[in-house]
Structures are given as structure tokens and as C-alpha cells.
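A structural walkthrough
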Amino acid sequence: MTIVPEGVGPDGPGGLRGSNLRGVRAHNERLVLSLLRRQGEMSKADLTRMTGLSAQTVSVIMRALEDDGLICRGQPLRGRIGQPSVPLRLARDGAFSLGLKVGHRSLDLVLVDFLGGIRTRMTERHRYPTPDAVVRFADSAVTDMLSQVGAEERARIAGLGIAMPFQIWEWWRTLGVPAEALIGWRERNIGAEIGAATGLPVYVQNDATAACGAELLFGHGRTPRDFLYFYVGYFIGGGIVLNGSLVPGRTGNAGAIGSLQVPDGRGGQATLLDIASLSVLERMLGAAGEASDRLWDMPSEWHFPPALVEAWADAAARAIAAASAAAATVYDFEACLVDGWMPARVRALLVEKIRAYLLDIPANGISLPLIEAGTIGAHARSLGAASLPLSARFLLDLQAFASAGAG
């Protein structure tokens, strides 16, 4: 599987200063767009101060970005001495991106705007993912989706991001399928195949890491500078953010906390994914005679026996609390953010229980992280996939703010 890291697209590495004027201009434009992404709205004076660029350079960049439709003007800020200040912000229709989530139980394709708003969504459920089915779905769904938008919007599509589990062929036992059912993933380059089928630039990232990236890019409220991210899907996965930047790791699997050994609640040990994944809840529902396939419908609400959901959440919370404490011994995370394919009320219940269990774990000289709910929800992996082309084409790594360019 070819992995195209964030910040690398068809035009080469993004966010790097070029050796010519065009390269420098691209870097500085990305810097301005990234600041607007983080701050929401900023004046020309604020941009000049925060970037270290000259006022003239910022003016030139602002005009170019406005002419390209990537930014727009807000309402003038009055009540100050001198001319009213006119804030700038990202234009919602300035760019679009497609995001494909390849899940163990479903496929999900979204078209999002520059601010992360979902314009269109198409889904397909399956027993397990196969390369042929994923390529076929992607080709058909992208074609259908693009036929529903105008020519101007199509011209502004930055590319297609794919969020998927890595080494899918290794999950055959846990999925309960023959090994040969998934072995095709070992030899296939899905990113290249979907790129050839759709004609779009394609970027691939681990699904839980992508979900973490969605929280970082599109999340609401104050995002901690350093946090460990848990996404509870069919299997629980995670991501790491240090100093405001997503850390995918050497192989793209940083934060693969599902493999972490935690107490199983019965005096033994088990992996986190064997306790805190939705696959566990699926088995519990099946054993209770419930229609477990409904678990993979869009989880705006669950109509399952409350006692059963409570039992799953309690065991999952105990395990996630243990994983959070273990992670704190490796790095001093400010917080652990918890999100997943579940209704908001279930996520709130899970977070409450994790906090309670974490209080019972001896700190032994370490600072245990805060436990907070993520803000994206069930679409985090799809939105994370869609964020990849936007990041590659228009934005800088957040660490660039510490050393903003000079004009």
C-alpha cells in the first residue's frame, strides 16, 4: 500500500520553501490559510504580526487568495480609531475534497467543503472489505457524487483522501473470515487503483490517525496541544498529537493503542481492542438475540437494551482508563480525547466512566491526562480522509506557526 503523507501532493512536498519565487509564495499563502483555519477570522494587521511577513506581502497574498476564491471578507469591525478593520476568513466554497472511509463493516464517501461541512454522503455496508468491492464502490460513488455538483465546484475539488486500516489482511481471525478472503489486500495498491479509476489525486492514511486529524483540523472548541486520541469503531484505534501536530509515525501506525495490553477485569490481561471495540458490543447484541447489523447504521441513536450498552461501556471505560494511564508513563499528554461510531449520549457515558475509573488508578508520580469527548463524532474517519487533500494542497503543518516565514 502506498502511503502519501499529509503535505505531499501531485505538485510535490507541501509546506516547504521553494528555491524560486513561486515556491516561496506557495509557502506564505499556505501559512496565511493555515492561520485563518486555526483562528477563524483575522485582520490584515493580525496576519502581518503573526506571520512576520511585511504588510505589503500580506496584502499581495490576500488579494491573490481572494481572487482565487479561497478567502472572503467578513463584516467591518467598527468602534476603533481609524478605518474599520475588515477581517478575513476561509471561503466555505473555496475548495472541496472527497473522503473515503474503508471500514470493517462499511464504506463511506463524503464530499466536504473548505470548512469541513459535509455536502453529500454515500455509504455501503459489507461483511468484510475486499479490494475489488472498494475500488468498484469508489469509482461508482465518486462518479455519482460529482454528477450532482456544478462544474465550478468540480474544478475546486482538491483530491480524494482514503482512511483505512493498515495491514487489513492480518485481521481475518478477528473478523471471523477465512485468511484467503483478505489476502488480496497484501498485493493491491488501492490508492493507485482508485486514483486511476477516478482521475483524482489520492492520499492514504490509517483510519484512526485520519480521525485524529479531523479532530485537529475541524474540531470545535479548544484543542489541547498534546493529546492521545481514541476512536471507538469496529476495532478501537488511536492517534497522537504533539505540539499541535499530528504524528503518524514511521509506518503511519503511531497511536495503534488497540494492541495495548490492559487488565481484562477478571484478573488477567487482554488487548484493548478485545475489550473496548464495537465488535465486542456486536457479539453481545448477537448473543442477546438483538439485530446486531443495526449497529452499523448511522448512530444518531441506539435502540438497544440499555443494560447491555451500559455493560459494554463499563468494560470499555475501564480498559481505556488503563490505556490512558499507561500512555501517560510514556509521554506527558495533556488530555485523552474519546470519540467513535456511537450516539453523543453514549460517548458522554463512556467519557464519564473513563474519568471515574482513572481516579482509581495510582498516579505514582505521573500526571494523569484529562479525559475529554471528541467533537467530530461518527464521521471522524470520513472527514479525516477528506482533510488529507485539503492539507496537502492548501495548509502547513501546525508546527510551522512556531517559525513563520518572512516576506
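Nothing here was measured: the structure is a model prediction, and the numbers come from that model.

**A look at unusual backbone geometry**
Look at Asn-243: it is not a glycine, yet its phi comes out positive at around 55°. By the secondary structure assignment, Asn-243 is in the loop between β12 (236-242) and β13 (245-246).

**Section: the pairing of strand β11 (residues 227-232)**
In terms of burial, β11 is a largely internal element, six of the six residues being buried. What you see with β11 is no split at all: Phe-227, Tyr-229 and Tyr-231 on one side and Leu-228, Phe-230 and Val-232 on the other are buried throughout. In the sheet, β11 pairs with β12 via six bridges, with the strands oriented antiparallel. Of the residues in β12, the one forming a bridge with Leu-228 is Ile-240. Between β11 and β12, which pair antiparallel and follow one another directly, the connecting turn spans three residues. As paired elements, β11 and strand β16 (residues 335-340) share six bridges and run parallel to each other. Across the sheet, Tyr-231 pairs through a bridge with Asp-339, a residue of β16.

**Some thoughts on helix α3 (residues 55-67)**
Taking 1.5 Å per residue as the helical rise, α3 with its 13 residues ought to reach 18 Å, and the 18 Å between its terminal C-alpha atoms agrees with that figure. What α3 keeps buried is the set Val-58, Ser-59, Ile-61, Met-62, Ala-64 and Leu-65.

**A short note on the sheet that holds β16**
Ordered in space as β13-β12-β11-β16-β17, the five strands form an open sheet in which the pairing is mixed. Both outer strands of the open sheet, β13 and β17 (370-373), are each paired with one neighbouring strand and no more. Sheet topology places β16 next to β17; four bridges connect them, and they run parallel. Pairing of Ala-335 across the sheet is with Leu-370, part of β17.

**What to know about the confidence of the model for the chain**
Chain-level pLDDT for the chain is 87 on average; 89% of the residues reach the 70-or-more range. Taken as a whole, residues 1-23 scores under 50 in pLDDT and shows 47 contacts with residues more than four places along the chain or in a different chain. Across residues 398-407, where pLDDT falls below 50, the model places 29 contacts with residues more than four positions away in sequence or in other chains.

**As for helix α8 (residues 207-218)**
In this model α8 runs 16 Å from its N-terminal to its C-terminal C-alpha over 12 residues, within 8% of the 16 Å that 1.5 Å per residue would give. Summarising burial for α8: 12 of the 12 residues are buried, a large majority. Regarding α8, the residues found buried are Asp-207, Ala-208, Thr-209, Ala-210, Ala-211, Cys-212, Gly-213, Ala-214, Glu-215, Leu-216, Leu-217 and Phe-218. In this structure Asn-206 caps α8, since a side-chain oxygen of it lies 3.1 Å from the backbone nitrogen of Ala-208.

**As for the pairing of strand β7 (residues 106-113)**
Here β7 lies mainly inside the structure; eight of its eight residues are buried. Here β7 shows two buried faces, one formed by Ser-106, Asp-108, Val-110 and Val-112 and the other by Leu-107, Leu-109, Leu-111 and Asp-113. Summarising the sheet, strand β6 (residues 96-102) and β7 pair through seven bridges and their orientation is antiparallel. Opposite Leu-100, over in β7, you have Leu-109 as the bridge partner. Hairpin remark: β6 followed by β7, antiparallel, with three residues in the connecting loop. Here β7 pairs with strand β8 (residues 118-125) via seven bridges, running antiparallel. Bridging across to β8, Val-110 finds its partner in Arg-121. Here β7 folds back onto β8 in antiparallel fashion, the turn holding four residues, of which Gly-116 has a positive phi close to 90°.

**Describing the nonpolar core**
Counting residues in each nonpolar core, the largest one holds 124 residues, and the members touching the most others are Leu-98, Leu-100, Phe-230, Leu-272, Trp-312 and Leu-350. A total of 13 residues in this core trace back to one element, the largest contributor, which is helix α11 (residues 306-328). When sequence neighbours within four positions are dropped, the list of residues in contact with Leu-100 reads Asp-108, Leu-109, Val-134, Phe-137, Ala-138, Leu-160, Gly-161, Ile-162, Ala-163, Ile-194 and Ala-385.

**Some words on the packing of aromatic side chains**
Scanning the model with the defined rule gives five aromatic pairs in all. A ring pair is formed by Tyr-234 and Phe-235, whose centres lie 4.8 Å apart and whose planes are at 70°; its orientation type is edge-to-face. Of the two residues, Tyr-234 and Phe-235, both sit in the buried class. Among the aromatic residues, those joined into a ring-pair cluster are Tyr-234, Phe-235 and Trp-296. Positioned over the ring face of Trp-341 is Lys-101, at 5.0 Å from the centre of the ring.

**Re the environment of Val-241**
Mapped onto the elements of the fold, Val-241 is located in strand β12. Residue Val-241 is classed as buried on the basis of its relative accessible area, which comes to 0%. The residues contacting Val-241, other than those within four sequence positions of it, are Cys-212, Leu-216, Arg-225, Asp-226, Phe-227, Leu-246 and Phe-333.

**What about the sheet that holds strand β4 (residues 71-73)?**
In space, the three strands of this open sheet follow the order β3-β5-β4, with antiparallel pairing throughout. Of all the strands in the sheet, just β3 (41-42) and β4 have a single pairing partner and so form its edges. Direction of pairing for β3 relative to strand β5 (residues 88-90): antiparallel, over a ladder of two bridges. Each bridged residue has a counterpart across the sheet, and for Glu-41 the counterpart in β5 is Arg-89.

**Some remarks on the packing of helix α2 (residues 44-51) against α3**
The geometry of a pair of packed helices is captured by two quantities: the angle between their axes and the separation between those axes. Two elements in contact, α2 and α3, have axes whose closest approach is 9 Å; the angle formed by their N-to-C orientations is 120°. As summarised for this structure, α2 and α3 are arranged oblique, according to the angle between their axes. You can see that α2 and α3 cross each other, and the crossing is right-handed. Counted together, Lys-44, Leu-47, Thr-48 and Thr-51 of α2 and Ala-55, Val-58, Ser-59 and Met-62 of α3 form the full contact between these two elements. Counted by class, the contact of α2 with α3 contains four nonpolar, three polar and one charged residues.

The rules behind each value
Residues numbered from 1 in each chain as written. Predicted model: local features only at pLDDT ≥ 70, side-chain atom pairs only at ≥ 80, totals over all residues. Heavy atoms only, no water. Helix = DSSP H or I, 4+ residues; strand = E, 2+ residues; numbered from the N terminus. Buried < 20%, exposed > 50% of the residue type's maximum accessible area, 1.4 Å probe, protein only. Pairing = 2+ DSSP bridges. Expected span 1.5 Å × (residues − 1). pLDDT = per-residue confidence, 0-100. Contact = heavy atoms within 4.5 Å. Polar contact = N/O pair within 3.5 Å; in protein donor to acceptor, adjacent residues only side chain to side chain. Core = buried A, V, L, I, M, F, W, Y, C linked by side-chain atoms within 4.5 Å. Phe/Tyr/Trp six-rings, centres within 6.5 Å; stacked < 30°, edge-to-face > 60°. Lys NZ or Arg CZ within 6 Å of the ring centre and 35° of its normal. Axes fitted to C-alpha atoms, helices over the stretch in contact; angles between N-to-C directions. Parallel < 35°, antiparallel > 145°, perpendicular 65-115°, else oblique. Left-handed = near helix turned anticlockwise from the far one by under 90°. Nonpolar A, V, L, I, M, F, W, Y, C, P; charged D, E, K, R; others polar.

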